[in-house]
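What the coordinates show
Chain residues, written in single-letter form:
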Amino acid sequence: MSSALQRFIKPNIRALSAYDPGTINCKIKLDANESPYGFKIPQELLSIETNRYPDSKAQGLREFLSASLDVLPSELLFGNGSDELIYSLITTVGGTVLSPTPTFSMYSIISRTLDQQIKTVPLDNTFDLDIDLMLRTVQDNDIKLIFLSSPNNPTGNSFDRKKILTLIEKTDAIVIVDEAYQQFSDIESFIPLVKKYERLVVFRTLSKIGLAALRIGFMIASPELINEVNKVRLPFNINSLSQDLALRILKDDVTMNSNISEIKINRENLFSGLLKIKGVKPYPSDANFILFKVDNAEMIYKKLIENDILVRNLNSHIEGCLRVTVGTRYEMDVFLEVLNKILIKE
Ligand code: PMP
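Chains are numbered independently. Their residues run from 1 in the order of the written sequence. pLDDT decides what is reported in this predicted model: residues at 70 or higher carry local features, side-chain atom pairs at 80 or more are listed and counted, and totals for whole chains, interfaces and linings draw on all residues regardless. The basis for the side-chain values is all heavy atoms of the structure; hydrogens and waters are excluded.

**Things to note about the overall build of the chain**
For the chain, the count of helices and strands is 12 helices and 13 strands. The quantity called the radius of gyration is restricted to C-alpha atoms. Its globule counterpart is 2.2 Å times the number of residues to the power 0.38. Here the C-alpha atoms of the chain give a radius of gyration of 21 Å, agreeing with the 20 Å that 2.2 N^0.38 yields for 346 residues. When the backbone C-alpha atoms are referred to their principal axes, the chain occupies close to 60 × 55 × 55 Å. Each residue's exposure class comes from its accessible area (1.4 Å probe, protein chains only) as a fraction of the maximum for that residue type: buried when under 20%, exposed when over 50%, partly exposed otherwise. Counting only residues that meet the buried cut, the chain has 51% of its 346 residues in that class. In the chain, once contacts between residues fewer than 6 apart in sequence are set aside, the share between residues at least 24 apart is 71%. Element-wise, carbon and sulfur atoms account for 51% of the exposed surface of the chain, whose accessible area totals about 17200 Å². Positive residues here are Lys and Arg, negative ones are Asp and Glu, while His and the chain termini are left out of the count. Charge coordinates come from a single atom per side chain, which is NZ of Lys, CZ of Arg, CG of Asp or CD of Glu. Here the chain contributes 40 positively and 43 negatively charged side chains, and the mean placements of these two sets differ by 3 Å. Only DSSP runs of H or I with at least four residues qualify as helices, and only runs of E with at least two residues qualify as strands; both kinds are numbered from the N terminus onward. The contact criterion used is simple: two residues touch if any of their non-hydrogen atoms lie within 4.5 Å. Residue-level accessible areas treat just the shown protein chains as cover; the underlying method is Shrake-Rupley with a 1.4 Å probe.

Written out as structure tokens, the structure is:
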């Protein structure tokens, strides 16, 4: 960009770099926590009227999810992925944001984009919330929003439920429990508690259960808060194809549930496979990925790519750590075999 243009750009935007998902073409793609199981697009979708705007309220999806999650239609708001909901919520509320670290990077990136301060508190040595430090940080910084990814990306563990409740009860902040990976865990959802706590917001996404291409996330919160956030939502943020396809696929919960069960089985096999490889320390996971520690993360990351396998390199965030998404049985077997070979040769 020419330097003459730079003066027009807000300083907080100038200081940012565009988000780069870091995707490299590899046959076995295990870097983005996607599901290995996609869905066929039915012929009926061809009847969509391309000249008409989508249903701004996503009424079909709203009614379906309201019934299946036992929430009111007015307690739901849809986003173009839950990324967009982070954006909408910070835009609506403003003020200083708190999140633990390491966690999902978009909480911090979007806060900075919107010129809001972000405070981070390191997780403890079991990757759980350091509740005392978090409470102190909330007090000292007039925190308005607390983002908690539980299960947490990239560590994979769920946070202690009591600690999350303490944050809701002992602060005046809005607490977002981002349940992007909740379906892969056996822990209880926070959705039923939305009726009890007006400052609790739960995020969900369809991206991890085989529908990442559709870009649909939703938040569950009190109708009053939904009403406010809805004012900043762009009018037609969920396109017609995504609404229609998501609804058809969600209605077939047998396939969806069996895919999720399969991923959970593959995760357990992957975990025990990783445990058996000398020099690898996997961390237990409630999500569709596993974080693992090795002695030479950069070298192993590159060697995996040479073998056509892409994982996420987290070495600069958590020393020595890589994150592998749970794929098919075949993908997991190949991954474990290649990783084993790399470590034997090292
Ligand atoms: N929350 C968490 C914790 C995530 O890991 C991700 C995706 N990596 C998202 C939200 C974003 O999901 P979506 O595709 O719905 O924007």
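**A short note on the environment of Ile-318**
Structurally, Ile-318 can be placed in the loop between strand E12 (312-313) and strand E13 (321-325). Expressed as a C-alpha distance, the spacing of Ile-318 and Thr-101, which sit 217 residues apart in the sequence, is 9.8 Å. Setting aside residues no more than four positions away along its own chain, Ile-318 makes contact with Pro-102, Pro-154, Thr-155 and Leu-291.

**Quick look at the packing of helix H3 (residues 59-69) against helix H9 (residues 240-251)**
Each axis is a line fitted through C-alpha atoms, taken for helices only over the stretch in contact, and angles between the N-to-C directions span 0 to 180 degrees. Where H3 contacts H9, the axes come no closer than 9 Å and their chain directions differ by 25 degrees. Between H3 and H9, the crossing angle belongs to the class labelled roughly parallel. Of the two elements, H3 crosses H9, and the hand of that crossing is left-handed. Between H3, through Gly-60, Leu-61, Phe-64 and Leu-65, and H9, the contact on the second element is made entirely by Gln-243, Ala-246, Leu-247, Leu-250 and Lys-251. The residue inventory of the contact of H3 with H9, partitioned by class, reads six nonpolar, two polar and one charged. The cut-offs work like this: below 35 degrees is roughly parallel, past 145 is roughly antiparallel, 65 to 115 is roughly perpendicular, and the gaps in between are oblique. Put simply, a crossing is left-handed when the front helix is turned counterclockwise from the back one by less than a right angle, and right-handed when it is turned clockwise. Charged residues are taken to be Asp, Glu, Lys and Arg, nonpolar residues to be Ala, Val, Leu, Ile, Met, Phe, Trp, Tyr, Cys and Pro, and polar residues to be all remaining types, Gly included.

**A word on the domain arrangement of the chain**
In terms of domains, the chain is made up of domain 1 (7-36 + 254-345) and domain 2 (53-251). The split into domains, and so the bounds of each, comes from an automatic or database assignment of domains. Placing the centre of domain 1 and that of domain 2 at their C-alpha centroids yields a distance of 24 Å. Across the boundary between the two partners, domain 1 contributes 23 residues, which contact 29 residues of domain 2. Roughly 2100 Å² is buried in total at the junction of domain 1 and domain 2, and carbon and sulfur atoms are behind 63% of that figure. We define a salt bridge as a contact between a side-chain nitrogen of Lys or Arg and a carboxyl oxygen of Asp or Glu at a distance within 4 Å. At the junction of domain 1 with domain 2, the criterion picks out one salt bridge. Here the quantity called buried area is the total loss of accessible area, with a 1.4 Å probe, experienced by two parts when brought into contact, counted for both.

**So, the pattern of salt bridges**
Inspection of the entire model under this criterion finds 15 salt bridges. Of the charged contacts, one joins Glu-75 and Lys-195 as a salt bridge, the two residues approaching to 2.9 Å between their closest N and O atoms. Taken as a pair, Glu-75 in the loop between H3 and strand E2 (76-79) and Lys-195 in the loop between strand E6 (174-178) and strand E7 (200-205) lie far apart in primary sequence, 120 residues in all. Take Lys-195: its relative accessible area is 54%, and that puts it in the exposed class.

**Brief notes about the sheet that holds E12**
Two strands are said to pair when DSSP picks up at least two bridges between them. Spatially, four strands are ordered E9-E10-E13-E12 in an open sheet, and the strand pairing comes out antiparallel. The open sheet has two free edges, formed respectively by strand E9 (281-282) and E12, since each of these has just one partner strand. Examined bridge by bridge, E9 and strand E10 (residues 289-293) share two bridges and lie antiparallel to one another. Considered in E10, the bridge of Pro-282 is made with Phe-292. Docked against the sheet, helix H11 (residues 297-306) engages E12 and E13, running at close to 30 degrees with respect to E13.

**Remarks on the side chain of Asp-128**
Position of Asp-128 relative to the elements: it lies in the loop between strand E4 (118-122) and helix H6 (131-141). Exposure remark for Asp-128: the relative accessible area of 12% places this residue in the buried category. Not counting the four nearest positions on each side in its chain, Asp-128 is found in contact with Leu-123, Asn-157, Phe-159, Asp-160 and Lys-163.

**Concerning the packing of helix H10 (residues 253-276) against helix H12 (residues 329-345)**
The contact between H10 and H12 brings their axes to 10 Å, and the two run at 10 degrees. By the angle class used here, H10 and H12 are roughly parallel. Along the contact surface, H10 presents Asn-266, Asn-269, Leu-270, Gly-273 and Leu-274, while H12 presents Arg-329, Met-332, Phe-335, Leu-336 and Leu-339. Looking at the contact of H10 with H12 residue by residue, the classes come out as six nonpolar, three polar and one charged.

**Examining the site of the ligand**
Residues are labelled near a given molecule or strand when at least one of their non-hydrogen atoms is within 4 Å of it. Around the ligand, 14 residues are found, and the nearest of them are Asp-178, Tyr-181, Thr-205, Ser-207 and Arg-215. We define a polar contact as two N or O atoms separated by no more than 3.5 Å, with the added condition that, inside protein, one atom must be a possible hydrogen donor and the other a possible acceptor, whereas residues neighbouring each other in sequence contribute only through side-chain atom pairs. Here Tyr-181 contributes a side-chain N or O atom positioned 2.6 Å from an oxygen atom of the ligand. In this structure, an oxygen atom belonging to the ligand sits 2.6 Å away from a side-chain N or O atom of Ser-207. Expressed as a share of its isolated accessible area of 400 Å², the protein-covered part of the ligand is 92%. The pocket occupied by the ligand, as judged from atoms lying within 2 Å of grid points, is the largest pocket. Its residues placed into classes, the shell around the ligand shows four nonpolar, six polar and four charged. In this analysis a 1.4 Å probe is tested at points of a 1 Å grid over the protein atoms alone, and where it fits but cannot get out there is a cavity; an open set with protein on both sides within 12 Å along at least five of seven lines is a pocket; lining residues have an atom within 4 Å of a point. More than half of a molecule's atoms within 2 Å of the grid points is what it takes for that molecule to sit in a cavity or pocket.

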